[in-house]
Amino acid sequence: MKEVNIKPLADRVLIEPLAAETTTAAGIIIPDSAKEKPQKGTVVAVGAGTKDAPLTVKVGDTVLYGKYAGTELKYEGTDYLIMRESDIFAIL
């Protein structure tokens, strides 16, 4: 995981989505047009939280998030998602 110069504000976190599955458990190759968006990723940067709710995730955590959660952004050729911590379902 590389260092990024993006600092999320308040209760937002920056996530690098894990690569989408390219084959099924049975070994069938999934074409690009049929791949689903990943719902798992690695936390790359976290905001400072709010005074009422400090953040519970930290850099390096692998998390599960909602299928349509967050805002996609591309930074230095890498795709990221920025979202509120409340959009994260679990830490793996």
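In this text, all values refer to a predicted model and were calculated from it rather than measured experimentally. (Residues numbered from 1 in each chain as written. Predicted model: local features only at pLDDT ≥ 70, side-chain atom pairs only at ≥ 80, totals over all residues. Heavy atoms only, no water.)

Novice: Explain the overall build of the protein chain residue by residue, including any values.
Specialist: The helix and strand inventory of the protein chain stands at 0 helices and 6 strands. Counting all 92 residues of the protein chain, 29% fall into the buried class. When contacts within the protein chain are restricted to residue pairs at least 6 apart in sequence, long-range pairs at least 24 apart make up 64% of them. (Helix = DSSP H or I, 4+ residues; strand = E, 2+ residues; numbered from the N terminus. Buried < 20%, exposed > 50% of the residue type's maximum accessible area, 1.4 Å probe, protein only. Contact = heavy atoms within 4.5 Å.)

Novice: Describe the confidence of the model for the protein chain, with residues and values.
Specialist: Model confidence for the protein chain is summarised by a mean pLDDT of 86, while 86% of its residues fall at 70 or above. Within the protein chain, the lowest mean pLDDT, 92, falls on strand S4 (residues 71–75), and the highest, 95, falls on strand S3 (residues 62–65). (pLDDT = per-residue confidence, 0-100.)

Novice: Summarise the pairing of S4; cite the residues concerned and give the values.
Specialist: Pairing geometry for S4 and strand S5 (residues 78–84), over 5 bridges, is antiparallel. Note on S5: the bridge partner recorded for tyrosine 75 is threonine 78. What sits between the antiparallel neighbours S4 and S5 is a turn of 2 residues, in which glutamate 76 has the positive phi angle 50°. (Pairing = 2+ DSSP bridges.)

Novice: An account of the nonpolar core is requested, with residue identities and associated values reported.
Specialist: Residues Val13, Ile15, Val43, Val46, Leu55, Val57, Val63, Tyr65, Ala69, Leu81, Met83 and Ile88 constitute the largest nonpolar core, which totals 12 residues. Going through the elements one at a time, strand S1 (12–17), strand S2 (40–46), S3 and S5 are the ones with two or more residues in this core. Non-local contacts of alanine 69, meaning those with residues more than four positions away in its chain, are made with Leu81, Met83 and Asp87. Formed by 5 residues, the second largest nonpolar core is a distinct cluster that contains Val4, Leu14, Ala45 and Tyr80. (Core = buried A, V, L, I, M, F, W, Y, C linked by side-chain atoms within 4.5 Å.)

Novice: I'd like a rundown of unusual backbone geometry, residues and numbers included.
Specialist: Phi angles above zero are rare outside glycine, and alanine 10 is one such case at about 50°. For alanine 10, a relative accessible area of 30% corresponds to the partly exposed category. Notably, glutamate 76 is not glycine yet its phi reads approximately 50°, a positive angle. The topology assignment puts glutamate 76 in the loop between S4 and S5.

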